[in-house]
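So the chains spell out like this:
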Amino acid sequence: MAGLDRRAFLSLLGAAALLPTVRPAVARPAVFPPADRELMVPVKGGRIYVRTNGVSAGGRLPVLLLHGGPGGMHSTFHDPLELADERMVVLYDQLDSGRSDHPDDPANWTVPRFADEIDAVAAALGLARFHVLGHSWGATIALEWAARKPATLAGLVLASPFISGKSWIADVTARRAALPADVQAVIDACEGKAPPPQATCDAAAGAFYAAFNRREPLPAMRKAYEAAQNLKLNEKLYVAMNGAGEFTQTGTLKDYDGEPLLARLDGARTLFVIGQYDETRISTVAAFAEQVPGGAEFAVIPGAAHGIFNDRPDESVAVVRGFLRRQDALAQKDAPAAQGTKP
């Protein structure tokens, strides 16, 4: 949040000045755009599915998108694929997710190993320098990788980020407390020794998701694509690393703390973006942005919950597009000959 302290920022919350001018609404494709290129990339433990769209030229560097979960899939980025009109967009499924191999070995389920996948994808595609955008759990991986200070990193976007188990649960608990009292009572009962029927518990959890996870329905084209590709959440991986649901963490991530890594980022190269009604609160992410040396950029997407690209695609893509263009310009100054891919 360069040049803007948290108090000043919060006083402007919801103001149009926080966002760039949004282009006219983009006509969404009727089908999920097919890949220009697909490949399976070897990583420790197996192979991961990678697909690309678009070409990077004229200083527009590629961008790698890291999906959430753990155990999610690349299809969540149907709207950021619009960025392929000016640069290469790389989507991939993490190991044990989506169309990647599923060795089902918990030894692979560590943040550093997932971060290593970024280097493997870049090497397979011959990327000399590129941007990375991680959403939710994907931001955890992106932060871990970026803290290594790789020379290949041009710009970093941490969208609706999971930075630490402690801060995440604190925010989810605060969001839960904002639900109607009767819904909270059902959630409490579902966590007790004699829970009500599963359908009742699912309905109460659904009220939380509708308020803070995704406020708009999934587009039909995404649902059709996921059905055709047999893409679905790897629940075993999700439970092992996170837990059975959003309200408590019992998996390996409950003790994860990426906050110390924030001090290793470059504020001039980093953007935090979050939904107005996100599961993680604005004040929390604002504090994360302030911990980055030099102060990272920070944007709030009005009207969006955790699924910022699904809820407000035009606004979210516009924020990312503007940031990537600014980072392209900085990269050109750093290395005028950089083209984003090796010959």
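Up top is the structure these notes are about.
Here is what the cut-offs are and how they apply
- Residues numbered from 1 in each chain as written.
- Predicted model: local features only at pLDDT ≥ 70, side-chain atom pairs only at ≥ 80, totals over all residues.
- Heavy atoms only, no water.
- Phe/Tyr/Trp six-rings, centres within 6.5 Å; stacked < 30°, edge-to-face > 60°.
- Helix = DSSP H or I, 4+ residues; strand = E, 2+ residues; numbered from the N terminus.
- Buried < 20%, exposed > 50% of the residue type's maximum accessible area, 1.4 Å probe, protein only.
- Lys NZ or Arg CZ within 6 Å of the ring centre and 35° of its normal.
- 1 Å grid on protein atoms, 1.4 Å probe; cavity = no way out; pocket = protein on both sides within 12 Å on 5 of 7 lines; lining within 4 Å.
- Points joined across faces, edges and corners; volume = space filled by probe spheres on them.
- Nonpolar A, V, L, I, M, F, W, Y, C, P; charged D, E, K, R; others polar.
- Polar contact = N/O pair within 3.5 Å; in protein donor to acceptor, adjacent residues only side chain to side chain.
- Disulfide = S-S within 2.5 Å.
- Lys, Arg positive; Asp, Glu negative; His and termini not counted.
- Salt bridge = Lys/Arg side-chain N within 4 Å of Asp/Glu carboxyl O.
- Contact = heavy atoms within 4.5 Å.

**Considerations on the packing of aromatic side chains**
Thought 1: This model, assessed by the stated rule, comprises eight aromatic pairs.
Thought 2: Aromatic pair Phe32 and Tyr225: ring centres 3.9 Å apart, planes at 10°, arrangement stacked. Here the residue Phe32 occupies a position in the loop between α1 (6–11) and β1 (37–43), and Tyr225 occupies one in helix α7 (residues 220–229), the gap between them amounting to 193 residues.
Thought 3: Both rings, one in Phe208 and one in Tyr209, keep their centres 6.0 Å apart while their planes meet at 75°; by these two values the pair is edge-to-face.
Thought 4: For Phe208, a relative accessible area of 0% corresponds to the buried category.
Thought 5: With relative accessibility at 30%, the residue Tyr209 sits in the partly exposed group.
Thought 6: Ring-pair connections join several aromatic residues into one group, and the members of that group are Phe208, Tyr209, Phe212 and Phe247.
Thought 7: Across the ring face of Tyr49, the terminal group of Arg99 is positioned such that the distance to the ring centre comes to 4.2 Å.

**Concerning the layout of surface pockets**
Thought 1: Taken as a whole, the largest pocket encloses approximately 1,500 Å³ of empty space.
Thought 2: Considering the residues around the largest pocket, the lining is formed by 47 residues, among which Tyr209, Asn213, Leu233, Tyr238 and Glu246 are closest to the centre.
Thought 3: When residues of the lining of the largest pocket are traced back to their parent elements, those giving at least two are α5 (181–190), α6 (198–212), α7, α8 (235–241) and α10 (308–311).
Thought 4: Among the elements that take part in the lining of the largest pocket, α6 stands out by supplying seven residues, more than any other.
Thought 5: By residue class, the composition of the lining of the largest pocket is 22 nonpolar, 17 polar and eight charged.

**Concerning the side chain of Gln249**
Thought 1: Within the secondary structure, Gln249 sits in the loop between α8 and β7 (270–275).
Thought 2: A distance of 3.1 Å separates polar atoms of two side chains, one belonging to Gln249 and the other to Asn242.

**A closer look at helix α9 (residues 282–291)**
Thought 1: Within α9, seven of the 10 residues are buried, which leaves it mostly tucked inside the rest of the structure.
Thought 2: Listed as buried for α9 are Ile282, Thr284, Val285, Ala286, Ala287, Phe288 and Ala289.

**Re the state of the cysteines**
Thought 1: Within the structure shown, the criterion is met by one disulfide.
Thought 2: Shown here is the disulfide that connects Cys190 with Cys201, its sulfur atoms set 2.0 Å apart. In this structure the cystine formed by Cys190 and Cys201 twists about its S-S bond by roughly -105°; its chirality is therefore left-handed. Of this pair, Cys190 sits in helix α5 while Cys201 sits in helix α6; the two residues are 11 residues apart in sequence, bridging distant segments of the chain.
Thought 3: Cys190 sits in the partly exposed class, given a relative accessible area of 21%.
Thought 4: Under the relative-accessibility criterion, Cys201 is labelled buried at 11%.

**Observations regarding the side chain of Asp311**
Thought 1: By the secondary structure assignment, Asp311 is in helix α10.
Thought 2: Arg215 provides the closest opposite charge to the buried, salt-bridge-free Asp311, at an N-O distance of 5.6 Å.
Thought 3: Polar contacts involving the side chain of Asp311 include one to the main-chain amide nitrogen of Arg215, which spans 3.0 Å.
Thought 4: Sequence-distant contacts of Asp311, that is, excluding residues within four places in its chain, are made with Asn213, Arg214, Arg215, Glu216, Ala304 and Ala305.

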